[in-house]
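What follows is each chain in one-letter form.
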Amino acid sequence: MTTSIPKVRRVGVVGWGAIGRVVGSALVEQTIPGAELECVVDNRPLGDSAPAPQVAFEEALQRCDLVVEAAGQAVVRAWGERVLESGTDLLIASTGALTDEELAKRLLAAGPGRVYFTGGAVGGLDLLQAVRSLGPLHDVRLTTTKLPSTLEQPWMDEELLTRMRTATGPVEVMSGTARDVPAKFPKSTNVAASVALAVGDLDTVRVRVVADPGAHHTRHVVEASGAHGTYRFDVAHLPDPGNPATSQVVPYAVLRSLAALAGRTGQIL
Ligand SMILES: NC(=O)C1=CN([C@@H]2O[C@H](COP(=O)(O)OP(=O)(O)OC[C@H]3O[C@@H](n4cnc5c(N)ncnc54)[C@H](OP(=O)(O)O)[C@@H]3O)[C@@H](O)[C@H]2O)C=CC1
Ligand SMILES: O=C([O-])CC(=O)C(=O)O
């Protein structure tokens, strides 16, 4: 009998921010058996603060067999297909990029690398994806509530900005579908696209974005119903102290995804 030597995934982290730093540091500390940090890609020179070589994206494709995108939707658009065509797998955090359905189709068709999406800040996606096999979900709603400052966008007019800045309670800042909302809040509502990915339709998912000065926890409530049941997932996360637009749990969701990709046994799939 021959014993096969498990392959160690050589991981490149793109984006050395709230998510990337925690993911990269955990990989260096070998908390994910079968995965190690090979290199880091970021806009800014990181100097000694990165625990692995900082390289250009092209070099990361030579060195890695798995790239974690933790930089933003623009990076998925600019690099997604090239990563996959180079034979490197890609784990995406900025799922909001999938609201571009042409891009989503191209990513799913590209290879030989494989594309994956982390569940990120929202729960229940596995169950919604399973339920979808029984038949479509007719009514899917997501309500995301965050601190007003994390939701301010360049396209907002003075009236809305003033309303958000002077709010003493919850203020609805946008309602729309998972097709519209992640493009308007690219760093803050990727969860809407993640829910749409699970239920298989951007337009079915109705999204409300609420700014609340009392939202010391970021809250995502997913409610769904269909012929086979009703579902409700309600999460409240502490925000990352350095980047309150991102919940503290998100890098750990990425690490869980990496553990599954590295073949960790006992993993909940
Ligand atoms: N699925 C989910 O639940 C969630 C997804 N996200 C997604 O993850 C992304 C990262 O989140 P987070 O870590 O909190 O963000 P941060 O802003 O803390 O970090 C992102 C880092 O990526 C860098 N970066 C941006 N563009 C590029 C580029 N083209 N090439 C290399 N580096 C780049 C940024 O540099 P600079 O600042 O100079 O631009 C920054 O250092 C978010 O933009 C969001 O799209 C976030 C939270 C939840
Ligand atoms: O971290 C969160 O709670 C959600 C978030 O920023 C996103 O969906 O982009």
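Residues numbered from 1 in each chain as written. Chains lettered and ligands numbered in written order. Predicted model: local features only at pLDDT ≥ 70, side-chain atom pairs only at ≥ 80, totals over all residues.

Under the convention used in this document: UniProt positions are given in the numbering used here, feature names are shortened, and annotations may be inferred rather than shown by experiment.
The name recorded for the protein in an unreviewed UniProt entry is L-aspartate dehydrogenase, from Streptomyces siamensis. One UniProt comment on the protein, placed under Function (unreviewed entry), says "Specifically catalyzes the NAD or NADP-dependent dehydrogenation of L-aspartate to iminoaspartate."

## Here we look at the site of ligand 1
The cut-off we apply is this: Here, nearness means that the C-beta atom of a residue, built from backbone geometry, sits within 6 Å of the molecule or strand in question. Each helix corresponds to a stretch of at least 4 residues labelled H or I by DSSP, and each strand to a stretch of at least 2 residues labelled E; elements are numbered beginning at the N terminus. For the domain bounds, the source is a domain assignment made automatically or taken from a database.
Taken together, 30 residues lie around ligand 1, and Gly15, Gly17, Ser94, Gly120 and Thr246 are the ones closest in. When contributions to the shell around ligand 1 are tallied by element, the ones reaching two or more residues are helix 1 (18-28), helix 3 (73-85) and helix 8 (190-199). Both domains that furnish three or more residues to the shell around ligand 1 are identified here as domain 1 (9-120 + 249-261) and domain 2 (125-237).

## Topic: the nonpolar core
Our working rule: Think of a nonpolar core as buried Ala, Val, Leu, Ile, Met, Phe, Trp, Tyr and Cys residues, each tied to the set through C-beta atoms within 7 Å. The exposure label follows from counting other C-beta atoms within 10 Å of a residue's C-beta, where the C-beta atoms are placed from the backbone and the thresholds are 20 or more for buried and 12 or fewer for exposed, leaving partly exposed in between.
Ala192, Val195, Val205 and Val254 are the most contacted members of the largest nonpolar core, which totals 74 residues. Per-element tally for this core: the top contributor is helix 8, with 8 residues. Of the residues that make up this core, three or more belong to each of domain 1 (9-120 + 249-261) and domain 2 (125-237).

## Some words on the UniProt feature "binding site: NAD(+)" (unreviewed entry) in the protein
Note the cut-off: Each residue gets a C-beta atom placed from its backbone, and two residues are in contact if those atoms lie within 7 Å.
Residues annotated by UniProt as "binding site: NAD(+)" (unreviewed entry) correspond here to Ala121 and Asn190. Despite a sequence span of 70 residues, these residues sit close together in the fold, their greatest C-alpha distance being 8.8 Å. Tracing the chain through its elements places Ala121 in the loop between strand 5 (115-117) and helix 5 (125-132). Contact partners of Ala121, with chain neighbours within four places excluded, come to Val191, His220, His237, Ser247, Val249 and Val250. In this structure, Asn190 sits in helix 8.

## Concerning the sheet that holds strand 7 (residues 171-177)
Rules: Two strands qualify as a pair provided DSSP detects at least 2 bridges between them. Fitting a line to C-alpha atoms yields each axis, with helices limited to the stretch in contact; the angle taken between N-to-C directions then spans 0 to 180 degrees.
Strand order in the open sheet formed by 5 strands is 7-8-6-9-10, with mixed pairing between adjacent strands. The open sheet is flanked by strand 7 and strand 10 (229-237), the only strands paired with a single partner. Averaged over all adjacent pairs, the angle separating strand axes in this sheet is 10 degrees, with direction ignored. Summarising the sheet, strand 6 (residues 137-146) and strand 8 (residues 205-211) pair through 7 bridges and their orientation is parallel. For Lys146, the partnering residue across the bridge sits in strand 8 and is Ala211. Relative to the sheet, helix 5 contacts strand 6, strand 9 (218-226) and strand 10, its axis offset from that of strand 10 by approximately 160 degrees.

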